[in-house]
Amino acid sequence: MTATVGQQAQAAARASDVWKVYGSGEAQVVALRGVSAEFERGRFTAIMGPSGSGKSTLMHCLAGLDSVTRGTVAIGETTVTGLGDSGLTKLRRDKVGFIFQQFNLLPTLTAEENILLPLSIAGRKPDPAWYDTVIDTVGLRDRLGHRPAQLSGGQQQRVACARALVSRPEVIFADEPTGNLDSRSGAEVLNFLRNSVREHGQTIVMVTHDPTAAAYADRVVFLADGEIVSELIEPTADTVLDTMKKLDTPAEVGN
Amino acid sequence: MFRATLKSLLARKVRLILSGLAVVLGVMFVSGAFVLTDTLGRSFDAVFADGYSEVDVDVQAKPKVAVGEAQGEQVPTPVPAGAVERVRQVSGVAGATGLVNADGARLVGSNGKVVTSFGPPQLGENWVGESDLVKLRQGREPRADDEIVVNQALADAAKVKVGDRVGVLTLEPKKEFTLVGVFGYSGDRTSIGGVNEVAFTTPVAQRLMLGAPNTFTSISVKAADGVRAETLRDDVGRALGGDYQVRTGEQAAADAAASLKEGLSFFNKILLGFAGVALLVGTFLILNTFSIIVAQRTRELALMRAIGASGRQIIGSVVLEAIAVGLVARSSGWGRASASARCWRSCSASWPVG
Ligand SMILES: Nc1ncnc2c1ncn2[C@@H]1O[C@H](COP(=O)(O)OP(=O)(O)OP(=O)(O)O)[C@@H](O)[C@H]1O
Ligand SMILES: [Mg+2]
């Protein structure tokens, strides 16, 4: 199924008939089977699905962290598929930001240094006004000199969010950013992500298992067995839960 | 990026030092084996080159009975005093000195114990005066039959000083002498390659070391100005006839070093074998160290890559770490190396040279 056709100019990230096959022969795993999806600019999209359904794989393929077996991926106007190493490096510097579930930060650098690391790797200076805005939004001004070990899990994830935001990428990909957090610090991080979409027009694609987290998004895409099986616009925790329940049954029959 | 790498290096000082240590050990294995082999060889060359540095032409009597190399040391055939006179008559000779020089003069130390050697000979010789190589450091030369001088290394080992009555064991049973002087060598050395030397007056040396009066071990010939050693060698050889072996000093030094090194070549081979094994072990040790370091850093490197580090930057940061480990290894290796070099120099006095 193809999600949200049209509005091509608007798409910040696009996957067209993407297949991803790991291994070969007996050990072959088909992680993605012809996924086509668009993620509009300035929107917060959640990707949900059972464990092993290919959510992380799809995200890695979209972000150019992994190559696709078939099909094409594009970020903004850039076609990611077929890019060489230097092209991918440039893409990561200019167009995408990442938030992982854990190990987001270099333990030896302070929060501030971690936030500025992508810019310093690229040899750039931050835009001071934007930097201030980001720091104020994540509410970490008094923690900038601390190292990750001196921050709580939620604060660490907010540092990771700030790092992804500070270079103003085309898309931010977040793989279960609240997976390790309790509901309160999870809510802080999710609020912050949603605000950066509402107030600053940031595009975010987030993988999650949690219906409550998905409810923060503008739209939810459901994956099962490497295929997009459903989608919800303006989801609430209840509608997400309902959809998941509905999907569970046919998916198991299909297996 | 550079700063991030440096910070992560500094934050893991223990890892840095330990991996540096592994590298030091690896390098030490290899270089230790090579240095030892090389130093041994060179110190032999030096010992003999020094010993013959004052000699233009060396005269020895040909052995009456030929002794094969494998059968051990050649027993020197004594040179009669008359030969020295004949050499002096040869034109182009500035001076000819009869030398007595034989292993087996053992000094009794101040504690009543005989000074032992782990290999270098304990030479008993006749005192033939100072030279560019040999200089008296204290006292004077031996004049009377019961006076001796010894080299600094021996005086230190025996803890004796000028004026002491000391015993010396030679071919004859223990005899008492007065130590009247201590000598050293050019370059502030106390011995040449750890050899202990006791110098008597010529008649005493002949009696005690050779067991025959009016004989010498060899004749050291000095060429007059402008006379080439090779020419002089041929002239002296003609004057003395076929019973004598006449060589230039250089030749004599090379021969002596060569026969000794030949005897030690098996030792060299063993050491080289060790060096080979050490090279292998060292290589693996270092290789292993770095694969562990990189493995530990993969997560960090993967994150850097994901947030925009280029392949070259990642390689640069790994190389930076390698250099840092190398620097740590070098600074600790430096101390170690110079310590072992000092140790080598002080040990070389008692190292088995002969
Ligand atoms: N490097 C790999 N080699 C082989 N198979 C892989 C690899 N990475 C993922 N897979 C397989 O691809 C499938 C999809 O994995 P993926 O990580 O995308 O799942 P996911 O939806 O993110 O699951 P989770 O919710 O547990 O994180 C799984 O069956 C997984 O075993
Ligand atoms: Mg996953």
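Residues numbered from 1 in each chain as written. Chains lettered and ligands numbered in written order. Predicted model: local features only at pLDDT ≥ 70, side-chain atom pairs only at ≥ 80, totals over all residues. Heavy atoms only, no water.

## What about helix α1 (residues 2–11) of chain B?
Residue and element names in this part refer to chain B. Threshold: Throughout this description, buried means an accessible area under 20% of the type-specific maximum (1.4 Å probe, protein chains only), exposed means over 50%, and partly exposed covers the range between. Here a helix means four or more residues in a row that DSSP labels H or I, a strand means two or more in a row labelled E, and each is numbered from the N terminus. Within this analysis, the arc is defined by the directions that extend from the helix axis to the C-beta atoms.
Residues Ala-4, Thr-5, Ser-8 and Leu-9 constitute the buried set of α1. Axial view of α1: buried residues confined to an arc of 135°, hence all on one face. For α1, the exposed residues lying more than 90 degrees away from the buried face are Phe-2, Arg-3 and Leu-10.

## Things to note about the sheet that holds strand β8 (residues 203–207) of chain A
Residues and elements named next belong to chain A. Spelled out, the test is: At least two DSSP bridges between two strands are needed for those strands to be called paired. Axes, fitted as lines to C-alpha atoms, cover a helix only where it is in contact. Angles between the N-to-C directions of the axes lie from 0 to 180 degrees.
Strand order in this open sheet of six strands is β6-β7-β8-β3-β9-β10, and the pairing throughout is mixed. Pairing within the sheet leaves two strands with one partner each, and these edge strands are β6 (96–99) and β10 (227–233). Within the sheet, the average angular offset between the axes of one strand and its neighbour, ignoring direction, is 20°. Here strand β3 (residues 44–48) pairs with strand β9 (residues 219–224) via four bridges, running parallel.

## Describing the site of ligand 1
All names here are of chain A. The cut-off we apply is this: Near is defined per residue: the residue qualifies when any heavy atom it owns lies within 4 Å of the molecule or strand. We call two N or O atoms a polar contact when they sit within 3.5 Å, provided that within protein one can donate a hydrogen and the other can accept it, with sequence-adjacent residues counted only if both atoms are side-chain atoms. Here the accessible surface of atoms and residues is derived via Shrake-Rupley with a 1.4 Å probe, and residues count as covered only by protein chains that are part of the display. Amino acids outside the nonpolar list (Ala, Val, Leu, Ile, Met, Phe, Trp, Tyr, Cys, Pro) and the charged list (Asp, Glu, Lys, Arg) are all regarded as polar, and Gly is one of them.
Around ligand 1, 13 residues are found, and the nearest of them are Ser-51, Gly-52, Lys-55, Ser-56 and Thr-57. One of the side-chain nitrogen or oxygen atoms of Ser-51 is found 2.4 Å away from an oxygen atom of ligand 1. At 2.9 Å, a backbone N or O of Gly-52 approaches an oxygen atom of ligand 1. The protein chains hide 59% of the 640 Å² of surface that ligand 1 would expose on its own. Taken together, the elements giving at least two residues each to the shell around ligand 1 come down to β2 (29–40) and α1 (55–62). At three residues, α1 tops the list of elements feeding residues into the shell around ligand 1. Taken together, the residues that form the shell around ligand 1 break down as four nonpolar, seven polar and two charged.

## Things to note about the confidence of the model for chain B
When pLDDT drops low, the exact placement of atoms in the prediction is not to be read closely. Residue and element names in this part refer to chain B. The cut-off we apply is this: Confidence scores here are pLDDT values: one per residue, from the predictor, ranging 0 to 100. Whether two residues are in contact is decided by their heavy atoms: any pair within 4.5 Å suffices.
In the predicted model, chain B carries a mean pLDDT of 80, and the fraction of residues at 70 or more is 84%. Here helix α2 (residues 13–51) is the element of chain B with the lowest mean pLDDT, 71, and strand β8 (residues 147–151) is the one with the highest, 93. Under a pLDDT of 50 for its full length, residues 349–354 has, in the predicted model, 19 contacts with residues more than four places off or in other chains. At the level of chain-chain contacts, confidence expressed as ipTM amounts to 0.79, with global pTM at 0.61.

## Here's the deal with the packing of aromatic side chains
Short version of the rule: Note on ring pairs: Phe, Tyr and Trp rings are taken, using the six-membered ring of Trp, and paired if centres are within 6.5 Å. Classes follow the plane angle, with under 30 degrees stacked, over 60 edge-to-face and the rest tilted. Placement of a charge over a ring requires the Lys NZ or Arg CZ to be within 6 Å of the ring centre, with the centre-to-atom vector within 35 degrees of the ring normal.
Scanning the model with the defined rule gives five aromatic pairs over all chains in all. Geometrically, the ring pair formed by A:Phe98 and A:Phe173 is tilted, given 6.4 Å between the ring centres and 35° between the ring planes. With a gap of 75 residues between them, A:Phe98 in strand β6 and A:Phe173 in strand β7 (residues 171–175) connect regions that are remote in the sequence. A:Phe173 carries the same exposure label as A:Phe98, and that label is buried. Each ring, one from B:Trp127 and one from B:Phe183, has its centre 5.3 Å from the other, and the planes form 50°; the classification is tilted. On the criterion of sequence distance, the pair formed by B:Trp127 in the loop between β6 (122–126) and β7 (134–139) and B:Phe183 in strand β10 (residues 175–185) is long-range, its members being 56 residues apart. The burial state of B:Trp127 is the same as that of B:Phe183; both residues are buried. Aromatic rings pair up to connect A:Phe98, A:Phe100 and A:Phe173 into one cluster. Taking NZ or CZ as reference, A:Arg168 lies 4.0 Å from the ring centre of A:Trp130, over its face.

## Quick word on the sheet that holds strand β1 (residues 11–22) of chain A
Residue and element names in this part refer to chain A. The antiparallel open sheet is built from four strands, whose spatial order is β2-β1-β4-β5. The open sheet terminates on both sides in strands that have one partner only, identified here as β2 and β5 (78–79). Bridge count between β1 and β2: eight bridges; the pairing is antiparallel. The residue of β2 that forms the bridge with Arg-14 is Glu-38. Against the sheet, α1 touches β1, β2 and β4 (70–75), its axis set at about 60° to β2.

## Some words on the confidence of the model for chain A
All names here are of chain A. Averaged over all residues, the pLDDT of chain A equals 86, while 93% of them reach at least 70. Note on residues 1–8: pLDDT under 50 across the span, and 18 contacts to partners over four residues away in sequence or across chains. Within the model, pLDDT remains below 50 along residues 251–255, and this stretch shows one contact once partners closer than five positions in the same chain are excluded.

## Let's talk about the interface of chain A and chain B
Applicable threshold: Summed over both partners, the accessible surface that disappears when two parts come together, traced with a 1.4 Å probe, is what is meant by buried area. Salt bridge, as used here: a side-chain nitrogen of Lys or Arg that lies within 4 Å of a carboxyl oxygen of Asp or Glu.
Listed as interface residues are 20 residues of chain A and, on the opposing side, 19 residues of chain B. Interface area, chain A with chain B, both sides summed: about 1700 Å², of which 62% is carbon and sulfur. Scanning the region where chain A abuts chain B turns up one salt bridge. We note a salt bridge from A:Asp85 to B:Arg305, for which the minimum N-O separation is 2.4 Å. Across the contact surface, chain A and chain B share six residue pairs in polar contact (both at pLDDT 80 or more). The leading source of residues in the side of chain A that touches chain B is helix α3 (residues 111–121) of chain A, at five residues. Class assignment of the residues belonging to the side of chain A that touches chain B gives a composition of eleven nonpolar, four polar and five charged.

## Here's the deal with a nonpolar patch on the surface
All names here are of chain B. Stated formally: Patch definition: residues with relative accessible area over 30% and no salt bridge; like charges joined within 9 Å; nonpolar side chains (Val, Leu, Ile, Met, Phe, Trp, Tyr) joined within 5 Å.
Residues Val-14, Leu-18, Leu-21, Leu-25 and Met-28 make up a contiguous nonpolar surface patch of roughly 440 Å² in combined accessible area. Here Leu-21 shows up in helix α2. For Leu-21, a relative accessible area of 35% corresponds to the partly exposed category.

## Concerning unusual backbone geometry
Residues and elements named next belong to chain A. The backbone of Asp-225 shows a phi angle near 55°, a positive value even though the residue is not glycine. For Asp-225, the position within the fold is in the loop between β9 and β10. Judged by relative accessible area, Asp-225 falls into the partly exposed class, the value being 39%. The backbone of Glu-234 shows a phi angle near 45°, a positive value even though the residue is not glycine. Within the element layout of this structure, Glu-234 appears in the loop between β10 and α8 (237–254).

## Quick notes on the pattern of salt bridges
On inspection of all chains with the given rule, the structure shows 27 salt bridges over all chains. A salt bridge links A:Glu40 to A:Arg43, with the nearest nitrogen and oxygen atoms 3.1 Å apart. With its nearest N and O atoms 2.8 Å apart, the salt bridge here joins B:Glu172 to B:Lys175. For B:Glu172, a relative accessible area of 25% corresponds to the partly exposed category. B:Lys175 sits in the partly exposed class, given a relative accessible area of 29%. One salt-bridge network, held together by shared partners, links A:Glu40, A:Arg43, A:Arg219 and A:Glu231.

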